[in-house]
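# Remarks on the overall topology
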Amino acid sequence: MRKTGLMLILTAVATVVAVAGRVWADADHETLADSLAAIADSRGLYGLGGAGRFLSGVTLIAAGWFLFGSASDDRRARSAVVPLLFAVSGAFTACSGALAVSLAAAPAEWMDVAGLEGVALSHQEATVRLRRFTGTAGFAMVGLALIVIAWRQRSAGGTLRRFAPASALLGLAIQFVWLDAATVMHIVTGTLFVGWLAVGGSMLVKGRCWIPG
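Here's what I pulled together on the structure shown here. (Residues numbered from 1 in each chain as written. Predicted model: local features only at pLDDT ≥ 70, side-chain atom pairs only at ≥ 80, totals over all residues. Heavy atoms only, no water.)

## Digging into the overall build of the chain
Each helix and strand in the chain was counted, giving seven helices and zero strands. In sequence order, the chain lays out its α and β elements as α-α-α-α-α-α-α. Scaling as 2.2 N^0.38, a compact globule of 213 residues should have a C-alpha radius of gyration of about 17 Å, and the chain matches this with 18 Å. Expressed along its principal axes, the backbone C-alpha trace of the chain runs to roughly 60 × 30 × 25 Å. Considering only contacts in the chain between residues 6 or more positions apart, those separated by 24 or more positions represent 75%. For the chain, the accessible surface area stands at approximately 10800 Å², while carbon and sulfur atoms represent 68% of it. Each charge class in the chain was averaged separately, 17 positive and 12 negative side chains, and the resulting centres sit 24 Å apart. (Helix = DSSP H or I, 4+ residues; strand = E, 2+ residues; numbered from the N terminus. Rg over C-alpha atoms; globule rule 2.2 N^0.38 Å. Contact = heavy atoms within 4.5 Å. Areas by Shrake-Rupley, 256 points an atom, 1.4 Å probe, with all protein chains shown as cover. Lys, Arg positive; Asp, Glu negative; His and termini not counted. Charge placed at Lys NZ, Arg CZ, Asp CG, Glu CD.)

What follows is the structure in structure tokens.
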């Protein structure tokens, strides 16, 4: 559990780097031309954000692995859902980060839509769309993990029962990530999620188990 906590803390740090790079690069636009132009103007920041996102995905996969390993043999099958959701979320997130890095490293001539055609244009459009989808799916999956954790916290009773409402509400709120119009909600849930990672990870490192098996 302590190793799980450490990985969650590292995920929080990497997520902050990912968000900072993406926000400063300001490359999330409605049109492909505007997005590629913004990436070309801020390759370093966009690439840094992508690297942070990739690392956060890897550390979340590791958190899932250590969490699965902490379960006893007779409870391992029942306890596999949350680690699996962590791992799937991490895989989507790492993929999103890798695609962002590839966009930042693309040749200059591939960043001007006016000069692209055929395979090159299709490739860039597909990469941008896949980067957004995998990033959104990764966040949604970890939200589902929170909902499962909340259900188990409620069933466990005692002190853990007090954490259940907060875990469930955050997990449900994270699902609004699929709605592009919910920009304010994305900012709020993203901030709360980073806080959840940091606080929850610190608790696990200190030996306070709040994720029931």
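Picking up where we left off.
## So, the pattern of salt bridges
Counted under the stated rule, the structure contains three salt bridges. Between Arg131 and Asp28 there is a salt bridge whose closest N-O contact spans 3.1 Å. Placement of the pair is Arg131 in helix α5 (residues 118–156) and Asp28 in the loop between α1 (2–25) and α2 (32–41), with a sequence separation of 103 residues. By relative accessible area, which is 6% here, Arg131 ends up buried. For Asp28, a relative accessible area of 38% gives the class partly exposed. (Salt bridge = Lys/Arg side-chain N within 4 Å of Asp/Glu carboxyl O. Buried < 20%, exposed > 50% of the residue type's maximum accessible area, 1.4 Å probe, protein only.)

## So, a nonpolar patch on the surface
A contiguous nonpolar surface patch, about 620 Å² in accessible area, is contributed by Val13, Val17, Val19, Val23, Trp24, Leu45 and Leu48. Going through the elements one at a time, α1 and α3 (43–69) are the ones with two or more residues in the nonpolar patch. Here the nonpolar patch gets five residues from one element, more than from any other, and that element is α1. Relative to the helices and strands, Trp24 resides in helix α1. According to the relative accessible area criterion, Trp24 is exposed, its value standing at 60%. (Patch = residues over 30% accessible without salt bridge, like charges linked within 9 Å, V, L, I, M, F, W, Y side chains within 5 Å.)

## Describing empty space enclosed by the protein
Overall, the coordinates contain one cavity of 30 Å³ or more when judged by the stated rule. For the largest cavity, the calculated volume is near 40 Å³. The wall of the largest cavity is formed by Ala27, Asp28, Ser35, Ile39, Tyr46, Leu103, Val128, Arg131 and Arg132. Of the residues assigned to the lining of the largest cavity, the class counts are five nonpolar, one polar and three charged. (1 Å grid on protein atoms, 1.4 Å probe; cavity = no way out; pocket = protein on both sides within 12 Å on 5 of 7 lines; lining within 4 Å. Points joined across faces, edges and corners; volume = space filled by probe spheres on them. Nonpolar A, V, L, I, M, F, W, Y, C, P; charged D, E, K, R; others polar.)

## A few points about the nonpolar core
Counting residues in each nonpolar core, the largest one holds 28 residues, and the members touching the most others are Leu8, Phe86, Ile149, Phe193, Trp196 and Trp210. Elements with a contribution of two residues or more to this core: α1, α3, α4 (81–104), α5, α6 (160–174) and α7 (183–205). In this view, Phe193 contacts Phe139, Val142, Leu170 and Ile174; residues no more than four positions away in its chain are not counted. If you look at the next biggest cluster of nonpolar residues, it comprises 13 residues, including Ala25, Leu36, Ala104 and Ala106. (Core = buried A, V, L, I, M, F, W, Y, C linked by side-chain atoms within 4.5 Å.)

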